[in-house]
Amino acid sequence: MASALAAKMGFKSLKRKQAKNFNVRICTMESDMEFSCEVKWKGKDLFDLVCRALGLRETWFFGLQYNIKDTVAWLKMEKRVLDQEVPKEEPITLHFLAKFYPENAEEELVQDITQHLFFLQVKKKILEEEIHCPPEASVLLASYAVHAKYRDYDPNVHKPGFLAEVELLPKRVINLYQMTAEMWEERITACYAEHRGRTRDEAEMEYLKIAQDLDMYGVNYFLIRNKKGTDLLLGVDALGLHIYEPDNRLTPKCSFPWNEIRNISYSDKEFTIKPLDKKTNVFKFNSSRLRVNKLILQLCIGNHDLFMRRRRVDSLEVQQMKAQAREERARKQVERQHLQREKQMREEAERARDELERRLIQLQDEAHMANEALLRSEQTADLLAEKAQIAEEEAKLLAQKAAEAETEMQRIKVTAIRGQEERRLMEQKMLEAEMLALKMAEESERRAKEAEQLKQDLQEARESERRAKHKLLEITSKAVYTSPGLPPDSMAPDLSFSRENLSFDFKDTDMKRLSMEIEKEKVEYMEKSKHLQEQLNELKTEIESLKLKERETPLDIIHNKNTEQGTSKHSNFKKLTLQSTKSRVAFFEEL
């Protein structure tokens, strides 16, 4: 069976050698790419092809990684791809990852694509807990990751629950507190809202600036043994070599910076590091496998080369890249300022439009109320006119009755002379008629006065109606004309913006102003660092009461102890490197 498998593998290798091309799948942190490569291609040929496809020029940080048995390996640049221990099935799967980390991301990472790839890789390592991150820093980092994805916070768009499906915090941090997903989102959103005005690149850089101060950032760990056979961990990073105890990957027991190391080599499983001081004994340790030694040597050589390169004058290529990056950032800054002004003008125009709409609605309400008042005045005037007409008719009727009574009285007087008895009776009737006529006259006079009063009321009602019509005319004329400063023939302001308004000229004055802003940023760096520490302390205080102490991991306990003692990653490294190389080697051997 073994021979059959070997024969099969041999046939596959023979078939591959006979073929002119082979397929490779490159997995980046954002997407996958497939390439058809020639059999004779070396690792550098494939690596350069991937870098060109990504538009990446800072190639010295990256490499192509593949899995081999229970460890990882990096594709060698000088050897042919098919001559290395890459996976045999096609397409060959390789991972494009950062192999070396910068000491200071803000100073060293020039291109936006380089910064973005580092951001994605570091974020993935933090979420998968390959880099230990304290809870308060996790919340702040999550807020910058959200800003990089969603841009500026908008309460009308980013409503509660918009982060429900997004992985933002390590599971260790979530399990450590009695907090719901809504409570975590509320705290992340509160920090996210404070980042308004930043671009995606700025948010990603702030993320890296915080992450690079984490104890496990950029460190590759390997299990080793010293001369006594004690199990230890070797950490390789941008600053040097660090020795850890197996259960504490945060605080190294001793460190060896790259500028104190003269030579690095290995023989089989024994690894030898020669200090710069020739009087000091060599630093030796054993690893588990030869393949691990090869990987350690690659990382040591690469990190040492970058360490020395940072301390020399930049090459012409790097100087050119930095100059182009500065010009690009300056151009983006000027463009962002122009867009900000345009956005501000648009917001002001929208506020003016809203104010005009509000005033128009107010005027419409006033016109509606005036119309209703006019209608009521007209109805009142009609009612008064009707009452006046009725009163006038009643007065005419009473006047007619009074005339008839007068005629009757004259007739009675004529007949009264016919007889004494009739005269007496007639006098009595005449007296009664006179009394009735007097009453009717008084009633007629009263009705006449009432009619006169109704006429005056009718006149006042018509005067009120005229005033209401005049007010309505004034309101209507106000609604027709716009606010002062706008032409009277336009009902609403023209709020449209031409795309030509977004164009701009990149002038020297903009560069000078940008240079002044950069200098100002340097002056304010310490204040920003202080603000960051205060922000982290505030977040820690807010969630400390909800912590479940029994769920703390050993690394959490170590981190809390270091924080209480005021020990940080950089202060600890500085303290360890102040010791003599000889004493550090002796300490390592005695561990």
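Provided above is the structure to which this section pertains.
In this text, all values refer to a predicted model and were calculated from it rather than measured experimentally.

Parameters at a glance
Residues numbered from 1 in each chain as written. Predicted model: local features only at pLDDT ≥ 70, side-chain atom pairs only at ≥ 80, totals over all residues. Heavy atoms only, no water. Helix = DSSP H or I, 4+ residues; strand = E, 2+ residues; numbered from the N terminus. Buried < 20%, exposed > 50% of the residue type's maximum accessible area, 1.4 Å probe, protein only. Axes fitted to C-alpha atoms, helices over the stretch in contact; angles between N-to-C directions. Parallel < 35°, antiparallel > 145°, perpendicular 65-115°, else oblique. Left-handed = near helix turned anticlockwise from the far one by under 90°. Contact = heavy atoms within 4.5 Å. Nonpolar A, V, L, I, M, F, W, Y, C, P; charged D, E, K, R; others polar. 1 Å grid on protein atoms, 1.4 Å probe; cavity = no way out; pocket = protein on both sides within 12 Å on 5 of 7 lines; lining within 4 Å. Points joined across faces, edges and corners; volume = space filled by probe spheres on them.

**Here we look at unusual backbone geometry**
Link 1 in the chain: Backbone torsion omega between Glu90 and Pro91 reads -5 degrees, so that peptide bond is classified as cis.
Link 2 in the chain: Relative to the helices and strands, Pro91 is located in the loop between strand E4 (71-74) and strand E5 (92-98).
Link 3 in the chain: For Glu129, which is not glycine, the phi torsion reads 65 degrees and is therefore positive.
Link 4 in the chain: When its relative accessible area of 37% is taken as the criterion, Glu129 is described as partly exposed.
Link 5 in the chain: The backbone of Asp268 shows a phi angle near 55 degrees, a positive value even though the residue is not glycine.
Link 6 in the chain: Note on placement: Asp268 falls in the loop between strand E10 (261-267) and strand E11 (270-275).
Link 7 in the chain: Judged by its relative accessible area of 51%, Asp268 falls in the exposed class.

**Some points on the packing of helix H5 (residues 135-150) against helix H8 (residues 200-211)**
Link 1 in the chain: In the contact formed by H5 and H8, the axes pass within 8 Å of each other and the chain directions differ by 160 degrees. On the basis of their axis angle, the class for H5 and H8 is roughly antiparallel. In terms of crossing hand, the pair formed by H5 and H8 is left-handed. Together, Leu140, Leu141, Tyr144, Ala145, His147 and Ala148 of H5 and Arg200, Ala203, Glu204, Glu206, Tyr207, Ile210 and Ala211 of H8 make up the contact between the two elements.
Link 2 in the chain: Here the contact of H5 with H8 is built from residues that sort into 9 nonpolar, 1 polar and 3 charged.

**So, empty space enclosed by the protein**
Link 1 in the chain: Taken as a whole, this structure holds 4 cavities of 30 Å³ or more when the rule is applied.
Link 2 in the chain: There is about 150 Å³ of room inside the largest cavity.
Link 3 in the chain: Along the walls of the largest cavity sit 16 residues, with Asp215, Leu250, Pro252, Lys569 and Asn572 positioned nearest its centre.
Link 4 in the chain: Residue assignment for the lining of the largest cavity shows that the elements contributing at least two residues are strand E8 (240-244) and helix H15 (569-577).
Link 5 in the chain: Per-element tally for the lining of the largest cavity: the top contributor is H15, with 3 residues.
Link 6 in the chain: Residue classes in the lining of the largest cavity are distributed as 6 nonpolar, 7 polar and 3 charged.

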